[in-house]
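Residue-level structural notes
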Amino acid sequence: LIGCSAADALTRKWKSPLRVRVENGNMNTKLLLGSTALVSAGVLLAGTAPARADIEVKLSGYTEFGAKLATDDSLSNNAGDRGYSFFMDNEIHVRANGSTDSGINYGSKIELDVGSNNAGVDEAVLTFSGGFGRVELGRDDGAEDVMYVGGEDAQAGTGGIDGDTANLGVVQFVDSSDAAKVTYFTPRFAGFQVGGSFVPDGNDQEDGRDRFEGNETSREKWFGLGVNWVGGLGPVDMTLAAVGSLADGEGQSEDQDAIGWDDDAQSWAVGGLFEFAGFTFGAGFNKSDEMGRELDIINVGLKYGFGPANVSVGYTYNDYDRLVIGGVDIDADDSHVYAASADYNFLPGMTLKADVSYASDDPNTNDRPDTTDTWAGVITVQLDY
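Residues numbered from 1 in each chain as written. Predicted model: local features only at pLDDT ≥ 70, side-chain atom pairs only at ≥ 80, totals over all residues. Heavy atoms only, no water.

**Section: the overall build of the chain**
- On a plain count of helices and strands, the chain comes out with 4 helices and 18 strands.
- By the burial criterion, 41% of the 385 residues in the chain qualify as buried.
- Carbon and sulfur atoms make up 58% of the accessible area of the chain, which totals about 19600 Å². (Helix = DSSP H or I, 4+ residues; strand = E, 2+ residues; numbered from the N terminus. Buried < 20%, exposed > 50% of the residue type's maximum accessible area, 1.4 Å probe, protein only. Areas by Shrake-Rupley, 256 points an atom, 1.4 Å probe, with all protein chains shown as cover.)

In structure tokens:
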């Protein structure tokens, strides 16, 4: 649309099959994929060309401003002795969706992180769905993350035990995040759904080149697997999940060989989410073995929603079996993190959020035994559009 303003591009009627529409909506990156009607393989392979080139584009996103506070210099942004800092978090989401008369849905999603001086692509993925299930190609969360539920999913505010305060522990094993991947989810049958992802290189660049070839902290041939069940027991809505992650390390030094460090990553987790009468309870257990870091993780959360507000409490326990830093075994203390959170939608699309957390052994200050107990807080205001 050369020669016109951005406003014209969204409002002017063009002689084109492409329709652009801006919609309000708060996007959730951890949706459970719903059921689809079954179609035969013949329908999938034949007649998939759309009867019309009718692509709908939706624009959404959010802008957030907040303040972080913490004791014992545990802020990670060089706040020093000041103990507090301001921050911004902004994203723009663009979704394009189309469909065929034979029941095939297709589209793309792009999420942009927008900073004060730069912008970057956070997620970018092509999607295809129908009776055959759902296929995702690109940079998005893997099946091991999308299909998992636990205590972190029953939190208000910025996320409580998985939020934005500065002294939180490890809530879930390391997943493949937004590395370029191929993901497939089956249709949901009798409440069950299975998913899997494959990532050639966990530290890939946008052009597919390996940034850390031979680096022991890089993972390759990474498989993410998951299964969950969605159903109910009387008035209680339930989601149960089991997920796993398998990856090879790309390299290992002689020092690491000498101390018996296995550079492969083999982790798994089970969790559940239960909803009743405005309450949401979540719990999860992770067995994390991630290239020199072995620990058990327990997380529990309870949230209550009433009208435009939500409140929650959460707890995370990290039980370290082993922690290797710089080729040296570290005697890491177990940690307990407690969090309380709340949010309030005080204007259409505008939400006030706040978290406070206490860590018995702050992972950010483990090298200073006299400052292991820390308090931290965060308060933000966010516009979703």
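**Focus: the pairing of strand β11 (residues 265–276)**
- In the sheet, strand β10 (residues 236–249) pairs with β11 via 11 bridges, with the strands oriented antiparallel. If you follow Thr-239 over to β11, its bridge partner there is Leu-273.
- In terms of strand pairing, β11 meets strand β12 (residues 279–289) through 9 bridges, oriented antiparallel. Across the sheet, Gly-272 pairs through a bridge with Ala-283, a residue of β12.
- Between β11 and β12, which pair antiparallel one after the other, the connecting turn spans 2 residues, and Ala-277 there sits at a positive phi close to 50 degrees. (Pairing = 2+ DSSP bridges.)

**Looking at the pairing of strand β18 (residues 374–384)**
- By the bridge criterion, 9 bridges tie strand β2 (residues 56–70) to β18 in an arrangement that is antiparallel. Bridging from a neighbouring strand, Leu-69 pairs with Gly-377 of β18.
- Pairing analysis gives 10 bridges linking strand β17 (residues 350–359) to β18, with the strands arranged antiparallel. The residue of β18 that forms the bridge with Thr-351 is Gln-382.

**Re the pattern of salt bridges**
- Summed over all chains, the structure comprises 8 salt bridges.
- Of the charged contacts, one joins Glu-111 and Lys-109 as a salt bridge, the two residues approaching to 3.8 Å between their closest N and O atoms. For the pair Glu-111 and Lys-109, a shared accessibility class is recorded, and that class is buried.
- Arg-134 serves as the salt-bridge partner of Glu-136, at 2.9 Å between the closest nitrogen and oxygen.
- Connected through shared salt-bridge partners, Lys-109, Glu-111, Glu-123 and Asp-140 make up one network. (Salt bridge = Lys/Arg side-chain N within 4 Å of Asp/Glu carboxyl O.)

**What about the packing of aromatic side chains?**
- In this structure the tally under the stated criterion is 10 aromatic pairs.
- Ring centres 5.7 Å apart and planes at 55 degrees place the aromatic pair Trp-268 and Phe-285 in the tilted group. A residue pair is termed long-range when its members are at least 10 positions apart, and Trp-268 in strand β11 and Phe-285 in strand β12 qualify at 17 residues.
- For Trp-268, a relative accessible area of 40% corresponds to the partly exposed category.
- Over the ring of Phe-87 we find Lys-68; its NZ or CZ atom is 5.2 Å from the centre of that ring. (Phe/Tyr/Trp six-rings, centres within 6.5 Å; stacked < 30°, edge-to-face > 60°. Lys NZ or Arg CZ within 6 Å of the ring centre and 35° of its normal.)

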